[in-house]
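Results of the structural survey
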Amino acid sequence: MIKLFLKVTLYLILIFLSLELLVRAFHLYPDDSPRFIDEMGVEKRIPNYRGYSVTGNRRQNFSEYHINNQGFNSYREFTPSYSKKELAIIGDSYIQGFHQNYYNSIGKKIEDRTKDLEVYEYGYAGWDLADQLHLLHAYSDDFDKIDHIVIYMKYPMDLGRAIYEPNTERIKLLNSTPFKIRDNIKLLYYASQIGFLDPIKNLLTGKQDTQQSDSNNNQGNAMDSLYIGNFDKLLETYPINKSKTSLLLDKRKTSVKFLEHCKKNGIDVIDFGSKFEESKKPVTLIYDMHWNNNGRTLVAESIIEHLGL
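Below is a summary of the structure that appears in this document. (Residues numbered from 1 in each chain as written. Predicted model: local features only at pLDDT ≥ 70, side-chain atom pairs only at ≥ 80, totals over all residues. Heavy atoms only, no water.)

Some remarks on the overall build of the chain
If you tally the helices and strands in the chain, you get 14 helices and 9 strands. Sorting the 309 residues of the chain into buried and exposed places 48% on the buried side. Pairs at least 24 residues apart make up 68% of the contacts formed inside the chain by residues separated by at least 6 positions. (Helix = DSSP H or I, 4+ residues; strand = E, 2+ residues; numbered from the N terminus. Buried < 20%, exposed > 50% of the residue type's maximum accessible area, 1.4 Å probe, protein only. Contact = heavy atoms within 4.5 Å.)

Quick look at helix H1 (residues 2-25)
The first and last C-alpha atoms of H1 sit 34 Å apart over 24 residues, in line with the 34 Å expected at 1.5 Å per residue. Immediately beyond the C-terminal end of H1, within one or two residues, lies His 27, with a positive phi of roughly 50°. (Expected span 1.5 Å × (residues − 1).)

Quick word on unusual backbone geometry
With omega at 5°, the peptide bond leading from Tyr 155 into Pro 156 counts as cis. On the secondary structure map, Pro 156 appears in the loop between strand S7 (148-152) and helix H6 (168-174). Notably, Asn 48 is not glycine yet its phi reads approximately 60°, a positive angle. Given a relative accessible area of 53%, Asn 48 falls into the exposed group.

Here we look at the sheet that holds strand S6 (residues 118-123)
Spatial ordering of the open sheet is given by S6-S5-S7-S8-S9, a layout of 5 strands whose pairing is parallel. Only two strands of the sheet have a single neighbouring strand rather than two, namely S6 and strand S9 (268-271). Neighbour-to-neighbour, the strand axes of this sheet turn through a mean angle of 25°, independent of strand direction. When strand S5 (residues 86-91) meets S6, the two strands line up parallel, connected through 6 bridges. Bridge pairing in S6 places Ile 89 opposite Glu 121. (Pairing = 2+ DSSP bridges. Axes fitted to C-alpha atoms, helices over the stretch in contact; angles between N-to-C directions.)

Here is the structure:
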């Protein structure tokens, strides 16, 4: 019995080591660049970090990213100046662009289709409108020099709160021992990415395997009033320059009341939904809803056409 136990243990160890080597050899795991909260209370990536983003259970998407000196994924450094023509795009993982090589991002697509324009992409996975407006306020000296600012917003998901607070708990969690173990054992990281460890993670965090559709969240005048109220409170705390700031969104998935509220208050809206609807090719990845190369091209074209760049 003891020999059988030892043999089984040895075989399990060998299988584990073999799978670990395979995952490393084929680079099936993503390189998760470290995060931190800077002195201005802005959560972002550790500067000057390079790596590869891997998504899908068979490396369906493999792309390179580059974190610049400012802590954002970009092919360039951000050097705002009154003497240059510049555009800033602010948003979550869709703007962060880990699903696309950093040198083929939305910003690069815009630059390639315009003249004498620098595009700065301030993207960070998980940001909502509170994070984005806080960024504008924290780095106001830089954004004052930038000619136009585009904020990507998803309604109603990005309007769940009216007050900004840095997510210190997330940073602590990512720096905790379990996550450090996951980062160093690539097989565990791969298993986590493809959802194999979700039941264990849900058990540890107390989450339930239930989902609530966005459409349910977006129904009723009461919910619209809540989200629009949060929007107004955020703008009271972090006023924007309406003459050079636009919201980038998909009108097809946005409340009519919110769009009317923006129009009434002189807030410019860039819609990319119409181009998505007209496209005969897919605009998102196969395994999640992030934009694919075609989708990113259409978003870039929507911004260029609307702003007349």
